[in-house]
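An overview of the molecular structure
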Amino acid sequence: VDLSQSGSIVTDGTWEGPTTASFAFDGTDGYINTNAQSLLSGVSKFSFSVWVNINENNNNNIVWSIFNDSSNRWFFQLWNGKLYFRYVTGGSGGYYDIGQGNGNWTSTAVVNEWGNIVMVFNGAESGNDRIKVWFNGVANTSGTYNSTPPSTLPTWSNNLLIAAYNTSDLYPVNGNIGPVHIYNR
């Protein structure tokens, strides 16, 4: 892990430590702009872990995103109380639908309670086994794909954002985002 990466709080995100060890966002325009795009550019594997506590069930809760343009973007969101991981790489879109109550997950995963989301991307795996997701330690084994995930991520020109989609269309979080961990494995 490259610990030299840093980020900056944009507008109204506030630190709520040490008890909750999280950043609070009011759903209007706050987010964290990281310098972590180099960690995720052109890689064939990475892991991402984040703690979240979303205050409202709406369509505007992007937990994290990395975005070049409409042809290259990856993001995790809470949408209508369900978790979704969406990706578009090279203009070909896809999503990993993890929040439809599939398998052993509930449809109201993280509204008004703390939850841990872990995603592992491994391009060496075949097809739909390239992305695996857990919520509170429970694997989602029946997510739905609408296309096969790529084997490598694109080279990113924009920063990884926490609590926003991109810097012009925020879709900001109303709630707290706790420790964020990105690993190159």
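These numbers come from a predicted model, not from an experiment.

**Quick look at the overall build of the protein chain**
Counting secondary structure elements, the protein chain contains one helix and 15 strands. Looking at the protein chain as a whole, 48% of its 185 residues qualify as buried. A separation of at least 24 residues holds for 65% of the contacts in the protein chain among residues at least 6 apart in sequence. For the protein chain, the accessible area works out to roughly 8100 Å², and carbon and sulfur atoms hold 46% of it.

**Quick look at the nonpolar core**
In this structure, Phe-46, Trp-64, Trp-74, Phe-76, Met-119, Leu-160 and Ile-177 are the most contacted members of the largest nonpolar core, which totals 38 residues. Per-element tally for this core: the top contributor is strand S5 (residues 45-54), with five residues. Those residues in contact with Phe-46 that lie beyond four places of it in its chain are Leu-40, Trp-64, Trp-74, Met-119, Val-120, Phe-121, Leu-153, Tyr-183 and Arg-185.

**A few points about the environment of Trp-74**
Tracing the backbone through its elements, the reader meets Trp-74 in strand S7 (residues 72-79). Once the C-alpha coordinates of Trp-74 and Thr-89 are considered, the two residues, 15 residues apart in sequence, prove to be 8.0 Å apart.

**Regarding unusual backbone geometry**
For Asn-136, which is not a glycine, the phi torsion comes out positive at approximately 50°. Mapped onto the secondary structure, Asn-136 falls in the loop between strand S11 (131-135) and strand S12 (138-139).

**Quick notes on the confidence of the model for the protein chain**
Counting all residues, the mean pLDDT for the protein chain is 76, and 72% of those residues have values of 70 or more. Note that pLDDT drops below 50 for residues 99-108; the model gives that stretch 24 contacts with residues more than four away or on any other chain.

**Observations regarding the environment of Ala-124**
Within the secondary structure layout, Ala-124 lies in the loop between strand S10 (115-122) and S11. Between the C-alpha atoms of Ala-124 and Thr-152, which are 28 residues apart in sequence, the distance is 8.9 Å.

**Here we look at the packing of aromatic side chains**
Inspection of the entire model under this criterion finds eight aromatic pairs. Ring geometry for Phe-46 and Trp-64: centres 6.4 Å apart, planes at 85°, overall edge-to-face. In this pair, Phe-46 sits in strand S5 while Trp-64 sits in strand S6 (residues 61-69), placing the two residues 18 residues apart along the sequence. No difference in accessibility class separates Phe-46 from Trp-64, as the two residues are buried. Geometrically, the ring pair formed by Trp-74 and Phe-121 is edge-to-face, given 5.3 Å between the ring centres and 85° between the ring planes. Of this pair, Trp-74 sits in strand S7 while Phe-121 sits in strand S10, and the two are 47 residues apart along the sequence.

**Some remarks on the side chain of Ser-49**
Secondary-structure assignment places Ser-49 in strand S5. Within the structure, Ser-49 has its side chain in polar contact with the side chain of Asn-116 (distance 3.3 Å). Not counting the four nearest positions on each side in its chain, Ser-49 is found in contact with Asn-116, Ile-117, Val-118, Pro-179, Val-180 and His-181.

**Some remarks on the pairing of strand S4 (residues 31-34)**
Neither face of S4 is exposed, since Tyr-31 and Asn-33 on one face and Ile-32 and Thr-34 on the opposite face are all buried. Of the strand pairs in this sheet, S4 and strand S14 (residues 161-162) are connected by two bridges, and their pairing is antiparallel. When the sheet's bridge partners are listed, Asn-33 is paired in S14 with Leu-161.

What counts, and at which threshold
Residues numbered from 1 in each chain as written. Predicted model: local features only at pLDDT ≥ 70, side-chain atom pairs only at ≥ 80, totals over all residues. Heavy atoms only, no water. Helix = DSSP H or I, 4+ residues; strand = E, 2+ residues; numbered from the N terminus. Buried < 20%, exposed > 50% of the residue type's maximum accessible area, 1.4 Å probe, protein only. Contact = heavy atoms within 4.5 Å. Areas by Shrake-Rupley, 256 points an atom, 1.4 Å probe, with all protein chains shown as cover. Core = buried A, V, L, I, M, F, W, Y, C linked by side-chain atoms within 4.5 Å. pLDDT = per-residue confidence, 0-100. Phe/Tyr/Trp six-rings, centres within 6.5 Å; stacked < 30°, edge-to-face > 60°. Polar contact = N/O pair within 3.5 Å; in protein donor to acceptor, adjacent residues only side chain to side chain. Pairing = 2+ DSSP bridges.

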